[in-house]
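# Tertiary structure, described
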Amino acid sequence: MKARHKRFAIIGGGLAAIGIAATLVLNALDSNIAFFVSPSEVAEGKAPQGKIFRIGGFVKEGSIQRDNLTVSFVITDTAKDVKVAYTGILPDLFQEGKGAVAQGRILPDGSFKATEVLAKHDENYMPPEAQHAVDQVQKAQKSLKQ
Amino acid sequence: MIPELGHFALILAFLVSMVQGILPLVGAQRNRADWIALARPTTAASFLLVAVSFACLTWSFYVNDFSVEYVAGHSNTQLPTMYRLSAVWGGHEGSLLLWVFMLVGWAAAVAAFSRQLPAAMVARVLAVLGLVTVGLMAFVLLTSNPFDRLLNPPAEGRSLNPLLQDPGLIYHPPLLYMGYVGMAVAYAFAMAALIAGQLDAAWARWSRPWTTVAWVFLTLGIALGSWWAYYELGWGGWWFWDPVENASFMPWLVATALIHSLAVTEKRGGFKNWTVLLAIAAFSLSLLGTFLVRSGVLTSVHAFATDPRRGLFILMLLAVVVGGSLMLFAARAPKVSAGGRFELVSRETFLLVNNVLLVVACGAVLLGTLYPLIVDAFGGGKISVGPPYFNAVFVPIMLPLLLLIAVGPVARWKQADLADMLKNLWPAAVVAVVAGIALPMAAGQWHAYVALALALVGWMVAALVMQTVERLRKPGTPTPSWWGMQLAHFGLAAFVVGVAMVSTYQDERDVRMEPGETVSVGGYTFKFLGVRESRGPNYTADRGTFELLKDGKVERMLHPEKRAYDTSQMPMTEAAIDAGFTRDVYVSLGEALTPDKENGAWAVRVYFKPFVDWIWGGCLLMAIGGLMAASDRRYRVRAKASAAVPAGAVA
């Protein structure tokens, strides 16, 4: 085989590999990203229907209710609330009054069914998405006052 | 006084590293032996000064000096001494000091174990390491000084995050950092060769053992982190494709590609440019990892409280490293001679495919990790990329790698005969088919996924065994590096068994249990006997008691705990694990579901994890293989080639 053919084969093989990888990547990305939606946006009906997404904010004080393994609680960005239900064991750092992020989907009755509640490592840590949701509300309130 | 001493030592080390980073480099370019000779003493001095600094911080933790802000934030008089000492790297500032300490440690090791290398080369390597040290020390001194004092020291510290009060934390960060920082050595060798304009086989031979040892540390660090997450976080998973995990995994993928491509550069003089690029990429990804972990730009289960200013500094450092190296590379690359020619079917090609696959896999992980940042930066809203993405992309890219691992090591350099190789491999193909059909049926249900994985494992292991037998028949004993390769590849096979088995046959259940009730998973029965309160050194625990039964016989008692630490609001789950060669069974306590904790119902999580320990066992085998390869004698023999600058000639 000539050197030119060889180089062509190697480059062709490389391009094919990258092409396959790119297809895989784009396919997988398309079906596996979860948008972050704040409770206010959920209230405005901006939540994706029938798709998995994330919500975040504070866990409202006094809102945690347990019924055997199903836990329901309210996530709030201080303006609007979303009722969340989760079945299973919650992470250790899940507490009332603290930040939390939940992933799941909206049920026809308008409640949020979480398949995953995000844990964190540090009690002083606020998930950036939850912080973002609360900041948005504060910004909106400030601009209203002015 | 002690903290000031530590701070002062660090500042001195910063100045010494500046000298180390500049004078030997200039000296090597201008052939000034007196400046070249500065490399080793400045490296040693920098190492000693940072060691003093690190010792001062450790001492402050030991004596509970809460006037130091960092100590007050991460320690407490109630904390057991062992954890008080490991708390030194329990937070941001201390872990960065550890980073720097490791970096100067690596540099000191290079200085000590490079007697056989030309002085100018050593000077350049140490100088590059000195420059990297300067950058990181500036980061510590300017943004994250662990020695900052408090004007009004508290009587008691805030204590260490309970999650980190675990033996895993004592070893995991130092090992991982040794790996991360070790990439700086591979990078420094590549930069030194570029600066000198001598990209040759000798350079690859010098760089190889260091790169391999760094890779070993990285492997162990990642494996230990995964194991820690498995037993300490109580989620029962071993890998979550979390940004912080990815941050350590990406340098590993590139480093794995690098140690393979270095083989080609050393043996055949090929892939030189590519090897240099990989060395740059491995170190840049280590820095990127530090940025991702420390800046808090991504939502991560591993995220700790963070400070954006620090992120910006690392990002700038990253830009300087990547930009500077690539510019140097662009200037030098055209002069690099092409390596030896090779045919389409040859060991070079197999290693090239290995490299392409590993780099593409790394790129896919990188994309998934940074995609949320990119989308957010372009105003596309906040998103997250979940584990299904990574599994869907990563696994298919890795499968051909497993297929070729059996063929590559026996292919001849330059030109190999494919038909001949395949003729010898037919028994392995038979083993693969049998393994793919029979083993999953023996394990339980037949699944295509696990069948494919086990068939590949059968193929790999059979080929490895056949190759080993054949090699032993030939005259002469194989080298340690050959044995290392075999062992590391075998470790990969064990790892794949673990991953395939646990992801297919694991059984996990969250259940409500009252004392006396039982639950069964994977042929084992757990009987809940109740919860009692018990006291630890700095926590109170609800300690559960479970009987583990198999075929009606009690195997052992398991005691998972729910701990409440005195100094912290957060509860901590301690899972109880019965580990075994072919399976783990795992039980952890959720919340009490009734007010009566001792006799009431609890939420309980039980797991059956077949072959899960093979995952870490496989990593351990890979690491041991790496150590064997690095111990090969030929790396310690004086290199005759390219002693361009006569050592000490001028003096």
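In this text, all values refer to a predicted model and were calculated from it rather than measured experimentally.

A few words on unusual backbone geometry. Its identity is not glycine, yet Asn 68 of chain A carries a phi of approximately 55°, on the positive side. By the secondary structure assignment, Asn 68 of chain A is in the loop between strand S3 (65-67) and strand S4 (70-76). For Asn 68 of chain A, a count of 11 C-beta atoms within 10 Å corresponds to the exposed category. The backbone of Phe 611 of chain B shows a phi angle near 60°, a positive value even though the residue is not glycine. Mapped onto the secondary structure, Phe 611 of chain B falls in the loop between strand S11 (602-610) and helix H19 (613-630).

All names here are of chain B. Counting through the fold element by element, Leu 129 comes out in helix H7 (residues 119-143). Take Leu 129: there are 31 C-beta atoms within 10 Å of it, and that puts it in the buried class. Along the sequence, Leu 129 and Gly 197 sit 68 residues apart, while their C-alpha atoms lie 18 Å from each other. Here Leu 129 is in contact with Ala 107, Val 110, Ala 184, Val 185 and Ala 188, once residues within four sequence places are set aside.

Turning next to helix H9 (residues 201-232) of chain B. Residue and element names in this part refer to chain B. A rise of 1.5 Å per residue sets the reference length of H9, with its 32 residues, at 46 Å; its end C-alpha atoms lie 45 Å apart and thus fit the reference within 8%. Its maximal kink placed at Ser 207, H9 deviates by approximately 30°, while the proline Pro 209 follows within four residues. Across the 32 residues that make up H9, a large majority, 27, are buried.

Before going further, it helps to examine the sheet that holds S11 of chain B. The strands that make up a sheet are held in pairs by hydrogen bonds between backbone atoms, and each pair lies either parallel or antiparallel. Residue and element names in this part refer to chain B. The strand order S2-S11-S10-S9 describes an open sheet built from 4 strands, whose pairing is antiparallel. Looking at strand neighbours, the two that pair on one side only are strand S2 (507-513) and strand S9 (576-579), the edges of this open sheet. Sheet twist, expressed as the average angle between the axes of neighbouring strands with direction ignored, equals 15°. Sheet topology note: the strand S10 (residues 583-592)/S11 ladder contains 8 bridges and is antiparallel. Within S11, the residue paired with Asp 584 across the bridge is Lys 609.

All right, on to the domain arrangement of chain B then. Residue and element names in this part refer to chain B. Per the domain assignment, the segments making up chain B are domain 1 (1-165) and domain 2 (508-611). When each unit is reduced to the centre of its C-alpha atoms, the spacing between domain 1 and domain 2 is 42 Å. Residue-level contacts link 8 residues of domain 1 with 9 residues of domain 2. Of the residues that constitute the side of domain 1 that touches domain 2, the class distribution is 4 nonpolar, 3 polar and 1 charged.

What counts and how
Residues numbered from 1 in each chain as written. Chains lettered and ligands numbered in written order. Predicted model: local features only at pLDDT ≥ 70, side-chain atom pairs only at ≥ 80, totals over all residues. Helix = DSSP H or I, 4+ residues; strand = E, 2+ residues; numbered from the N terminus. Buried ≥ 20, exposed ≤ 12 C-beta atoms within 10 Å, placed from the backbone. Contact = placed C-beta atoms within 7 Å. Expected span 1.5 Å × (residues − 1). Bend = angle between axes of the 7 residues up to and from the residue. Pairing = 2+ DSSP bridges. Axes fitted to C-alpha atoms, helices over the stretch in contact; angles between N-to-C directions. Domains from an automatic or database assignment. Nonpolar A, V, L, I, M, F, W, Y, C, P; charged D, E, K, R; others polar.

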